[in-house]
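Examining the three-dimensional arrangement
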Amino acid sequence: LLAEQGPVPAALDAVLGELEERMGYRFLTLYLADGVGLRLGAQRGYSAVPERLDPGRGVIGRVYRTGLVELVLDVHSDPDYVPGEEGIVTEIAAPLLGDDVTLGVLNIEAVRPGGLTPNDLRLARAIADRLSSALRRSQAEEALRDRVRLFTALAEFAAAVNAIREPQRLAAALVDAVGAVVPSDTVVITTLDRSDGQYRVSAVRGLAPGAVGAIIAPGDGTTGRAISERTVVFTDHHPRAEYASALRDYMHYESIRAVGVPLIHEDTVLGVISVARADTDATFTQAEREVFALLGSHAALALANAYLAEEVSALAIHDGLTGLYNRRHFDAALDLALARFKRRGPTANLAAIIFDLDHFGDFNRCHGHLAGDAVLRLFGEILRERLRAADVVARYGGEEFVAILDDCGLPEAVRMADEVRREFEARTVPGAAGQPLRATVSAGCAVIDPAIPTKEALLGRADAGLFMAKRAGRNQVVAA
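Below is a summary of the structure that appears in this document. Owing to the predicted nature of the structure, the values given are computational and were not obtained by experimental measurement. (Residues numbered from 1 in each chain as written. Predicted model: local features only at pLDDT ≥ 70, side-chain atom pairs only at ≥ 80, totals over all residues. Heavy atoms only, no water.)

Our focus in this paragraph is the overall build of the protein chain. Looking only at helices and strands, one finds twelve helices and 18 strands in the protein chain. Since a compact globule built from 480 residues should have a radius of gyration of about 23 Å, the 37 Å found for the protein chain marks it as more spread out than a globular shape. Its C-alpha atoms give the protein chain principal-axis dimensions of roughly 120 × 55 × 30 Å. Across the 480 residues that make up the protein chain, the buried fraction comes to 46%. Nonlocal contacts in the protein chain, meaning residues at least 24 apart in sequence, comprise 58% of its contacts between residues at least 6 apart. Only carbon and sulfur atoms are counted for the fraction: they give 53% of the accessible area of the protein chain, which is about 22,900 Å². Of note, the protein chain has its 51 positive side-chain charges centred 6 Å away from the centre of its 65 negative side-chain charges. (Helix = DSSP H or I, 4+ residues; strand = E, 2+ residues; numbered from the N terminus. Rg over C-alpha atoms; globule rule 2.2 N^0.38 Å. Buried < 20%, exposed > 50% of the residue type's maximum accessible area, 1.4 Å probe, protein only. Contact = heavy atoms within 4.5 Å. Areas by Shrake-Rupley, 256 points an atom, 1.4 Å probe, with all protein chains shown as cover. Lys, Arg positive; Asp, Glu negative; His and termini not counted. Charge placed at Lys NZ, Arg CZ, Asp CG, Glu CD.)

Here's what the structure looks like:
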């Protein structure tokens, strides 16, 4: 039976049935170890029998702990005996031994004195040995199947996440991809916010969505410990009071079994994958424990590649010094703005402002290029602060900057340009000796002519305004 079917419930029940029918044993139980205790595998003859046993109690528990087969001729004289079925007198408990562990216990009981003898003890030991062999073989086969499944899923995980180059999309994809590798009730992806060095929850599954954005402090909960300890952290029976404080209100379970996997790349913890099971008896297998480290390595590399791709993409369209758009991106964005203007019809408007720092060449020669770069960065910062998020603002070349203001009239463009001019005039940058240095800017403003809706015409008119501002003494705004 065991060779054909393995130690499945039906086969275990059939084995006890054979012992009952052929050998005449009336009371039989088979308990199997499941990592946290003993659970009932099969039973015969009892009116009621516990589904789980505490391995610290009873004759069965003692045999489980010692690994030694026992014949108890009078159970009532045994201090460990826990009463069960009425009338039981004798008991045999035989351990199912694996490699240095006890896999379970076969238990036989009888209601009459002398109902069980040393011959029964030898038979019980032989049957327990057969059951042990079947369990070991089954466990080895199950472990192999589990390992094959896990590593196949891991390969699919790596292929899926390595194909994503946007960090936010990657975080969302990781939630589902991790769940496909390791069965779990919750998955939390926490990533390093490179702008402020904080660790924030980027994506969740099994938690309330409000958890996204929560800040996880190093050392706080399983996730925080993975950050600070820089290693995979396993937490058994993790009560709510010990969750990361930022996540307690979003967790549905009072206790979990959790794992925190740090995503480390080039000695930096880029984030953490946190996995939890609500059933605290559902231990993580040895194969799963091995996979967690590989999961972290693949995810860390994918996240690092996504950050790198994001940086490369940003450099392709942004000016490296000021962070504003570069001319190549500006030209493409202006084409789109003109297309929108033409679709909206006669009520639409489009404005342009061209800024040029006054006497910037002289400033560089006098104070050096480091001070000049500081001035350019300052002006870029002021443009980002003063102009609207929807406006296209670019460093057009050297000390020249340009802004396209969608749905903006000429008076509004002039007002915004003058706010930038006055703010820039009031701000300073430190010189080589720490002295405050100031610079000024001139600007020309224009709105598009519906009769000539081209970028050359729009920018040409704004450039004419800039030329007039320069001729009029600089540090001023002129509308053309």
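And the narrative resumes.
Below, the discussion takes up the sheet that holds strand β1 (residues 27-33). Strands sit in the order β3-β2-β1-β6-β5-β4 across an open sheet of six strands; the sheet is antiparallel. The strands lining the two open edges of the sheet, one partner per strand, are β3 (52-53) and β4 (70-72). When β4 meets strand β5 (residues 90-97), the two strands line up antiparallel, connected through three bridges. Its bridge partner being in β5, V72 is matched across the sheet by E91. Here helix α2 (residues 9-23) sits on the sheet in contact with β1, β2 (38-44) and β6 (102-110), set at roughly 45° to β2. Across the face of the sheet, helix α4 (residues 118-162) comes into contact with β1, β4, β5 and β6 while running at roughly 30° to β5. (Pairing = 2+ DSSP bridges. Axes fitted to C-alpha atoms, helices over the stretch in contact; angles between N-to-C directions.)

One pass over the full model with this rule turns up nine aromatic pairs. Considering the side-chain rings of F27 and Y46, the 5.3 Å spacing of their centres and the 55° angle between planes classify their relative orientation as tilted. Pair noted here: F27 is in strand β1 and Y46 is in the loop between β2 and β3, with a separation of 19 residues, a long-range link. For F27, a relative accessible area of 4% corresponds to the buried category. Residue Y46 is classed as buried on the basis of its relative accessible area, which comes to 12%. The interplanar angle of 5° and the centroid separation of 6.4 Å between the aromatic rings of F360 and F363 together place this pair among those described as stacked. (Phe/Tyr/Trp six-rings, centres within 6.5 Å; stacked < 30°, edge-to-face > 60°.)

Here we take up the pairing of strand β12 (residues 350-357). Two faces make up the sheet, and in a regular strand the side chains alternate between them. Across the eight residues of β12, eight count as buried, placing the element largely inside the fold. Of the two faces of β12, both are covered, the one formed by L350, A352, I354 and D356 as well as the one formed by A351, I353, F355 and L357. Looking at chain direction, β12 and strand β14 (residues 400-406) are connected through seven bridges and run antiparallel. If you follow A352 over to β14, its bridge partner there is I404. Relative to strand β17 (residues 441-447), β12 runs antiparallel, the two sharing seven bridges. If you follow I353 over to β17, its bridge partner there is C445.

Before going further, it helps to spend a moment on the side chain of S184. In this fold, S184 is placed in the loop between α5 (167-181) and β7 (186-193). Setting aside chain neighbours within four positions, we find S184 in contact with G179, R205, V275, A276 and R277.

One finds F157, L170, V181, I189, I273 and F292 to be the most contacted residues of the largest nonpolar core, which totals 35 residues. Among the secondary structure elements, those contributing two or more residues to this core are α4, α5, β7, β10 (255-265), β11 (268-277) and α7 (286-317). Here the element with the most residues in this core is α7; it accounts for eleven residues. The residues contacting I273, other than those within four sequence positions of it, are V178, V188, I189, V259, G260, V261, L263 and A299. (Core = buried A, V, L, I, M, F, W, Y, C linked by side-chain atoms within 4.5 Å.)

Running from amino to carboxyl end, helix α9 (residues 360-367) crosses helix α10 (residues 369-386) at an angle of 135°, the nearest separation of the two axes being 7 Å. Here α9 is positioned oblique relative to α10, judged by the angle of their axes. Facing F360, F363, N364 and H367 of α9, the residues of α10 in contact are H369, A371, G372, V375 and L376. (Parallel < 35°, antiparallel > 145°, perpendicular 65-115°, else oblique.)

This part covers the pairing of β5. Of all eight residues in β5, seven are buried; the element is thus mostly enclosed. Sheet analysis places β5 next to β6, joined by eight bridges and oriented antiparallel. Its bridge partner being in β6, A93 is matched across the sheet by N107. Where β5 folds back on β6, the antiparallel hairpin that results is connected by four residues, among which D100 adopts a positive phi of roughly 65°.

With 15 residues, α5 should cover 21 Å at 1.5 Å per step; its first-to-last C-alpha distance of 20 Å lies within 8% of that length. Most pronounced at L174, the bend in α5 amounts to some 30°. If you check which residues of α5 are buried, you get P167, L170, A171, L174, V175, A177, V178 and V181. (Expected span 1.5 Å × (residues − 1). Bend = angle between axes of the 7 residues up to and from the residue.)

Evaluation of the coordinates by the stated rule reveals 35 salt bridges. The shortest N-O distance in the salt bridge between E423 and R386 comes to 3.1 Å. Linking E423 in helix α11 (residues 410-426) with R386 in helix α10, this pair joins segments that are 37 residues apart in sequence. A residue is classified by how much of its surface remains accessible, and R386, at 36% relative accessible area, is partly exposed. A single network of salt bridges, built from pairs that share partners, joins E381, E385, R386, E412, R415, E419, E423 and R427. (Salt bridge = Lys/Arg side-chain N within 4 Å of Asp/Glu carboxyl O.)

Attention now goes to the sheet that holds β11. Pairing within the open sheet is antiparallel, and its five strands lie in the order β8-β7-β11-β10-β9. Unpaired on one side and paired on the other, β8 (198-205) and β9 (233-239) mark the two borders of the sheet. For this sheet, the mean inter-axis angle between neighbouring strands, taken without regard to orientation, is 25°. In the packing of α5 onto the sheet, contacts are made with β7, β8 and β11, and the angle to β8 comes to roughly 50°. Relative to the sheet, helix α6 (residues 221-229) contacts β7, β8, β9, β10 and β11, its axis offset from that of β9 by approximately 155°.

Geometric descriptors of this kind do not, in isolation, establish any biological role.
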